[in-house]
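Spelled out from the first residue to the last, the chains are:
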Amino acid sequence: MSRLRKALGVETLPLLAMLVLVVVVFALATPRFLTAANLGSMAVQLPVLGLLTLAMLVPILSGGLNLAIIYQANLSGLTLAWVLLSFGGPEAGFGAFALGTVAAIAVGALSGLVMGLVVAYIGAHPILVSLAMMIFLRGLGEFMTRGGDISGFPDIMRVIGHGDVLGIPVPLLIFLAAALIWHIMLRRTRHGFSVYMVGSNIDAAEYSGLHTKRTLTLIYTISGMICAIAGILMAARFNSVRVGHGEALLLVTVLACFLGGIDPFGGFGRVLPVVLALMILQALSSGLNLLGANQHLSTAVWGLFLIGVMALRWAVGQWTSRRRRET
């Protein structure tokens, strides 16, 4: 049991128990919770939030923050939309979609690269840098779209947003693939090791020979790329793009990271607990929605749930410390 706990991380098993408890409670509360329709709806809604959370996760692990994720995603989605419209909109083919996807990811990567360079080489605080980028991207998007929506996409976008493979929604497959890549990157690569070291103590990491500036630059660049993928999924899901899409998700991504055991000061955390935290939040939201609760109540419950989890972790930590002193 201790080996399994060590392999999965100390946060995984408690979160898994919480997920089972939430599912059981809502399954008893409403028979519609475990229906194929509701589970399918949850599987389509989760990936966008999941991808944005992955984009937030690594900057937090490094001791920073990326407040620009929503607008990086939306501007990347707008880039894809503009390319598709340039090639006929609904009549655009796969080649136009591929070109637009590359352009969208390039926009996300470029915005992340700029942030990473400023954080790494100028030494500005990540909160200030990402806030400035957020304001810039929002203003740029509003200027270029005049605050309106862009719609009129080819059928391939519908496949990406609402299609499935062997009954599994395509957006969920994309998110699971990204989460697996994130896990491998953080636990099995030199870059992942550098992320943890930078988050733990950037001065010590630099003295030990790690290229901390390159690591920080790469962190925000990759964060921007995953935001671009989230923006593409949002465009495919809503069949339209607007600068303000998903604004309410920013703080939820931070909530999911902290609920999943990511240290707010950096240096500690795993991908799997964060995925479980996302599933808990989605289950809470869908269950309350089926019970007829207001959407704002779901947001309040999310915050209350995080407070409860933090209190529980504090109590467990106190109990563990007392046991160690007694032994």
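Above this note sits the structure.
The rules behind these values
- Residues numbered from 1 in each chain as written.
- Predicted model: local features only at pLDDT ≥ 70, side-chain atom pairs only at ≥ 80, totals over all residues.
- Heavy atoms only, no water.
- Helix = DSSP H or I, 4+ residues; strand = E, 2+ residues; numbered from the N terminus.
- Contact = heavy atoms within 4.5 Å.
- Core = buried A, V, L, I, M, F, W, Y, C linked by side-chain atoms within 4.5 Å.
- Buried < 20%, exposed > 50% of the residue type's maximum accessible area, 1.4 Å probe, protein only.
- Patch = residues over 30% accessible without salt bridge, like charges linked within 9 Å, V, L, I, M, F, W, Y side chains within 5 Å.
- Areas by Shrake-Rupley, 256 points an atom, 1.4 Å probe, with all protein chains shown as cover.
- Salt bridge = Lys/Arg side-chain N within 4 Å of Asp/Glu carboxyl O.
- Disulfide = S-S within 2.5 Å.
- Phe/Tyr/Trp six-rings, centres within 6.5 Å; stacked < 30°, edge-to-face > 60°.
- Axes fitted to C-alpha atoms, helices over the stretch in contact; angles between N-to-C directions.
- Parallel < 35°, antiparallel > 145°, perpendicular 65-115°, else oblique.
- Left-handed = near helix turned anticlockwise from the far one by under 90°.
- Nonpolar A, V, L, I, M, F, W, Y, C, P; charged D, E, K, R; others polar.
- Expected span 1.5 Å × (residues − 1).

Peer 1: For this particular structure, what's the right way to read the side chain of Thr-217?
Peer 2: Structurally, the position occupied by Thr-217 is in helix α11 (residues 212-238). Apart from the residues lying within four places of it in its own chain, the contact partners of Thr-217 are Leu-113, Gly-116, Leu-117, Ala-120 and Tyr-121.

Peer 1: Explain the nonpolar core here, please?
Peer 2: A general trend in soluble globular proteins is that nonpolar side chains are found buried together. Of all hydrophobic cores here, the largest spans 94 residues; its most connected members are Leu-54, Leu-57 and Leu-186. Contact partners of Leu-54, with chain neighbours within four places excluded, come to Phe-175, Ala-178, Ala-179, Trp-182, Ile-226 and Val-271.

Peer 1: I'm lost on a nonpolar patch on the surface in this one. Help?
Peer 2: On the surface, a nonpolar cluster with roughly 570 Å² of combined accessible area is contributed by Leu-110, Leu-113, Val-114, Leu-117, Tyr-121 and Ile-122. Take Tyr-121: it is sitting in helix α5 (residues 94-122). Since its relative accessible area comes to 48%, Tyr-121 is described here as partly exposed.

Peer 1: Explain the environment of Ile-174 here, please?
Peer 2: Tracing the backbone shows Ile-174 in helix α8 (residues 170-188). Given a relative accessible area of 28%, Ile-174 falls into the partly exposed group. Taking the C-alpha atoms as reference points, Ile-174 and Ile-229, separated by 55 residues in sequence, lie 9.0 Å from one another. Look past the residues within four positions of Ile-174 in its chain and what remains in contact with it is Leu-51, Ile-160, Ile-229 and Leu-233.

Peer 1: In this structure, what is going on with unusual backbone geometry? I would like to understand it.
Peer 2: When glycine is set aside, most residues are seen to have a negative phi, and most peptide bonds are trans. Positive phi outside glycine occurs at Leu-166, with the angle close to 55 degrees. In this structure, Leu-166 sits in the loop between β2 (164-165) and β3 (168-169). Take Leu-166: its relative accessible area is 85%, and that puts it in the exposed class. Unusually for a residue other than glycine, Asn-239 sits at a positive phi of about 60 degrees. Its location among the elements puts Asn-239 in the loop between α11 and β4 (240-241).

Peer 1: Whenever I open this one, the state of the cysteines confuses me. Can you help?
Peer 2: By definition, a disulfide is the covalent link that joins the sulfur atoms of two cysteine residues. A complete count under the given rule lists 0 disulfides for this structure. Free of any disulfide, Cys-227 has its nearest cysteine sulfur in Cys-257, 12 Å distant.

Peer 1: I would appreciate a short explanation of the packing of aromatic side chains in the present structure.
Peer 2: Aromatic ring pairs are described here by two measures, namely the spacing of the ring centres and the angle between the planes. Applying the stated criterion across every chain, the model contains 2 aromatic pairs. Measuring from centroid to centroid gives 6.3 Å for Phe-94 and Phe-97, while their planes differ by 45 degrees, and the two rings are tilted. Note that Phe-94 and Phe-97 are positioned in helix α5 at a spacing of 3 residues, about one turn of the helix. Looking at Phe-97, the relative accessible area reads 10%, which means it is buried.

Peer 1: How do you make sense of the packing of helix α3 (residues 36-61) against helix α13 (residues 271-290) when you look at a structure like this?
Peer 2: Helix packing geometry: the angle between the two helix axes and the distance between the axes. α13 packs onto α3 with a crossing angle of 135 degrees between their chain directions and a minimal axis gap of 9 Å. When the axis of α3 is compared with that of α13, the two are oblique. The hand of the α3/α13 crossing is right-handed. The residues of α13 that touch α3, namely those facing Asn-38, Met-42, Gln-45, Leu-46, Leu-49, Gly-50, Thr-53, Leu-54 and Leu-57, are Val-271, Val-274, Leu-278, Met-279, Gln-282, Ala-283, Ser-286 and Leu-290. Looking at side-chain class alone, the contact of α3 with α13 contains 11 nonpolar, 6 polar and no charged residues.

Peer 1: What should I look at first to understand the side chain of Thr-212 in this one?
Peer 2: Relative to the elements of secondary structure, Thr-212 occurs in helix α11. In this structure, Thr-212 is in contact with Val-198, Ile-202, Ala-205 and Glu-206, ignoring residues within four places of it in sequence.

Peer 1: Help me out: how do you make sense of the packing of α3 against helix α4 (residues 69-86) in this one?
Peer 2: Put simply, α3 and α4 touch, their axes get as near as 10 Å, and they point 125 degrees apart. As the angle between them shows, α3 and α4 are arranged oblique. The two elements α3 and α4 cross, and the hand of that crossing is right-handed. Contact residues: α3 offers Leu-52, Ala-55 and Met-56, while α4 offers Ile-69, Ile-70 and Ala-73. When grouped by side-chain class, the residues that make up the contact of α3 with α4 number 6 nonpolar, no polar and no charged.

Peer 1: Even after reading the chapter, I still don't get α13, so can you show me in this structure?
Peer 2: The α-helix winds at 3.6 residues per turn, so residues separated by three or four positions along the chain end up facing the same way. Given a rise of 1.5 Å per residue, 20 residues ought to cover 28 Å, and the 29 Å separating the end C-alpha atoms of α13 matches this to within 8%. Burial analysis of α13 places 17 of its 20 residues in the buried class, the great majority of the element.

Peer 1: What am I meant to see in the pattern of salt bridges here?
Peer 2: Pairing between side chains becomes possible if they bear opposite charge and their charged atoms approach one another. For the structure shown, the criterion picks out 4 salt bridges. Taking the shortest distance from any N to any O, the salt bridge between Arg-242 and Asp-149 comes out at 3.5 Å. One end of the pair, Arg-242, is in the loop between β4 and α12 (249-259); the other, Asp-149, is in the loop between α6 (126-145) and β1 (150-151), and 93 residues separate them in sequence. In this structure, the salt-bridge partner of Lys-213 is Glu-206, at a minimum N-O distance of 3.9 Å. Overall, Glu-206 belongs to the partly exposed group, its relative accessible area being 41%.

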